[in-house]
Amino acid sequence: MQPDPAPWYSTTLNVWTLAGVLVATWTILKAVTEGWRRTIGRRRYLTTRLRKIAPGVRDEYIESLLGEPKWQSKLKCTHLTPPEPEEADDTDLEVEITVRTWPLSWLGYLVSWSEDDVAVMYGITTTSWWFRPRVLIGQTRIRLGKTSFAALDDQGEHRAWLGARRFGYFESHYFGNIGGYRSWYVGVNDIGYNAIPTTSDLFDDEDDSGTRLLSGSRDAYRASTPINTVVISGVALYEELQDGSFFGISLGVDGDMVRLADPEYQALDSRISRAHRRFRDWQWRLKYQRWEKKQRALPGR
């Protein structure tokens, strides 16, 4: 009787080989996934997480999606109604709002306004032609950086400002129960993508606040200007929101704060910083030429 031939394989060797193959495969997949998120898939990766944010979520939940914010500041606001009407005084109306800002890679910024560690509103600003997320405002779908204000019904509530360096415009929209009792503030942030400023001749001289535009001029501005910033608010009953001073001179991200993190403002100079400054100068000149062309195309010019 012939003995059984020796097996051509080793059970122990095959187990360790299989384990090594699995570990190597997992490492490669993780590296590819991380590389995809940081490059080609960065836009989709961020958009997927931004869709999970809504007014009323906890600050820790937003941080679990996007990590820790890069900037944080405080803002004093005044409630329209006190929490305890029968025993309230002026100090009960004051509340401290925490403003947190996240850079969305080089594509844009997310800002949240929180009270008692709960986000009462949040805003998205796009700073790149490659990041133009779709936003549902009431029943109207827009794309940041592309859709003009004319796509939305004019509800009349707006605010504009024009300084020596900063500019901006926003308008508010509210749809009651159909919109889940949320408010939308859509506008132009001066550091956002495709930002078109107003001009001094568009303002209403009879407006004491100096923030309202003439009706006909505003219609032309709304028709030719894309929205690059949207702020979505839940039930945020503050006096500053009612009088229009809540956002100051920036709807969404504050350009004067976040620009200090750019390479051109770094204390230690480098070749990359100098190249970045030259690129920003070229980008600004191109944007200004586009703005001049659009201004010449406006009616009455």
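Residues numbered from 1 in each chain as written. Predicted model: local features only at pLDDT ≥ 70, side-chain atom pairs only at ≥ 80, totals over all residues. Heavy atoms only, no water.

**Some remarks on the environment of A119**
So, point 1. Mapped onto the elements of the fold, A119 is located in strand β4 (residues 118–126).
So, point 2. A119 gets classed as buried once you look at its relative accessible area, which sits at 1%.
So, point 3. Note: C-alpha distance between A119 and D219 (100 residues apart in sequence) is 33 Å.
So, point 4. When neighbours within four sequence positions are excluded, A119 is seen to be in contact with P55, G56, V57, D59, I62, W113 and S114. (Helix = DSSP H or I, 4+ residues; strand = E, 2+ residues; numbered from the N terminus. Buried < 20%, exposed > 50% of the residue type's maximum accessible area, 1.4 Å probe, protein only. Contact = heavy atoms within 4.5 Å.)

**Section: helix α8 (residues 271–297)**
So, point 1. Over its 27 residues, α8 runs 40 Å from end to end, which matches the ideal 39 Å to within 8%, given 1.5 Å per residue.
So, point 2. For α8, every residue scored as buried is listed here: S273, W291 and Q295. (Expected span 1.5 Å × (residues − 1).)

**A few points about the nonpolar core**
So, point 1. Within the largest apolar cluster, 38 residues are counted, with the highest numbers of intra-cluster contacts made by I53, L110, I124, I137 and V230.
So, point 2. For this core, the secondary-structure elements that each account for two or more residues are α2 (42–50), α3 (59–66), β2 (94–104), β4, β5 (134–137), β8 (167–174), β9 (183–189) and β10 (229–233).
So, point 3. Discounting residues that sit within four places of it in the chain, V230 has contacts with Y122, G123, I124, V135, I137, L144, W184, Y185 and V186.
So, point 4. Core analysis: the next-biggest nonpolar cluster, separate from the first, contains 22 residues, W113, A236, L241 and F246 among them. (Core = buried A, V, L, I, M, F, W, Y, C linked by side-chain atoms within 4.5 Å.)

**A look at the side chain of T78**
So, point 1. Position of T78 among the secondary structure elements: in strand β1 (residues 71–78).
So, point 2. Assessed through its relative accessible area of 18%, T78 is described here as buried.
So, point 3. With sequence-adjacent residues up to four places away left out, T78 is seen in contact with L93, L237, Y238, E239 and E240.

**A look at the packing of aromatic side chains**
So, point 1. Summed over all chains, the structure comprises 14 aromatic pairs.
So, point 2. Aromatic side chains F170 and F247 sit 5.5 Å apart centroid to centroid with 80° between the ring planes, which places their arrangement in the edge-to-face category. Placement of F170 in strand β8 and of F247 in the loop between α6 (239–243) and α7 (255–258) is noted, with a sequence separation of 77 residues between them.
So, point 3. Residue F247 is classed as buried on the basis of its relative accessible area of 9%.
So, point 4. Relative to W282, the ring of F279 lies with its centre 5.8 Å away and its plane at 35°, an arrangement referred to as tilted. Of the two residues, F279 and W282 both sit in helix α8, three residues apart, roughly one turn of that helix.
So, point 5. The class of W282 is partly exposed, set by a relative accessible area of 45%.
So, point 6. One aromatic cluster is present, built from ring pairs that chain together W113, W161, F170, Y185, Y238, F246 and F247. (Phe/Tyr/Trp six-rings, centres within 6.5 Å; stacked < 30°, edge-to-face > 60°.)

**So, the sheet that holds strand β3 (residues 108–115)**
So, point 1. A sheet is described by the order of its strands in space; here eight strands give the open sequence β1-β2-β3-β4-β10-β9-β8-β7, paired in antiparallel fashion. Strands at the two margins of the open sheet, each flanked by one partner only, are β1 and β7 (158–162). Looking at each pair of strands side by side, their axes are set apart by 20° on average, direction ignored.
So, point 2. In this sheet, β4 lies alongside β3 in antiparallel orientation, the contact comprising eight bridges. Its bridge partner lying in β4, L110 is registered against I124. (Pairing = 2+ DSSP bridges. Axes fitted to C-alpha atoms, helices over the stretch in contact; angles between N-to-C directions.)

**Structural notes on the pattern of salt bridges**
So, point 1. Evaluated as defined, the whole model comprises eleven salt bridges.
So, point 2. Between D254 and R166 there is a salt bridge whose closest N-O contact spans 3.7 Å. Linking D254 in the loop between α6 and α7 with R166 in the loop between β7 and β8, this pair joins segments that are 88 residues apart in sequence.
So, point 3. R222 is the partner of E171 in a salt bridge, and the nearest nitrogen-oxygen pair spans 2.9 Å. On the criterion of sequence distance, the pair formed by E171 in strand β8 and R222 in helix α5 (residues 215–224) is long-range, its members being 51 residues apart.
So, point 4. Take E171: its relative accessible area is 1%, and that puts it in the buried class.
So, point 5. Because the salt bridges share partners, they merge into one network encompassing R165, R166, D190, D254, D256 and R259. (Salt bridge = Lys/Arg side-chain N within 4 Å of Asp/Glu carboxyl O.)

**Some thoughts on the side chain of T125**
So, point 1. Topologically, T125 is positioned in strand β4.
So, point 2. A polar side-chain atom of T125 sits 3.0 Å from a polar atom in the side chain of T229.
So, point 3. The residues contacting T125, other than those within four sequence positions of it, are L107, G108, Y109, N189, G192, N228, T229, L251, G252 and V253. (Polar contact = N/O pair within 3.5 Å; in protein donor to acceptor, adjacent residues only side chain to side chain.)

**A word on unusual backbone geometry**
So, point 1. Although it is not a glycine, S105 sits at a positive phi angle of roughly 55°.
So, point 2. Topologically, S105 is positioned in the loop between β2 and β3.
So, point 3. Backbone geometry places D117, a non-glycine residue, at a positive phi of 65°.
So, point 4. In this structure D117 comes out as partly exposed when scored by relative accessible area, which is 44%.

The values reported here are purely geometric and, on their own, carry no functional implication.
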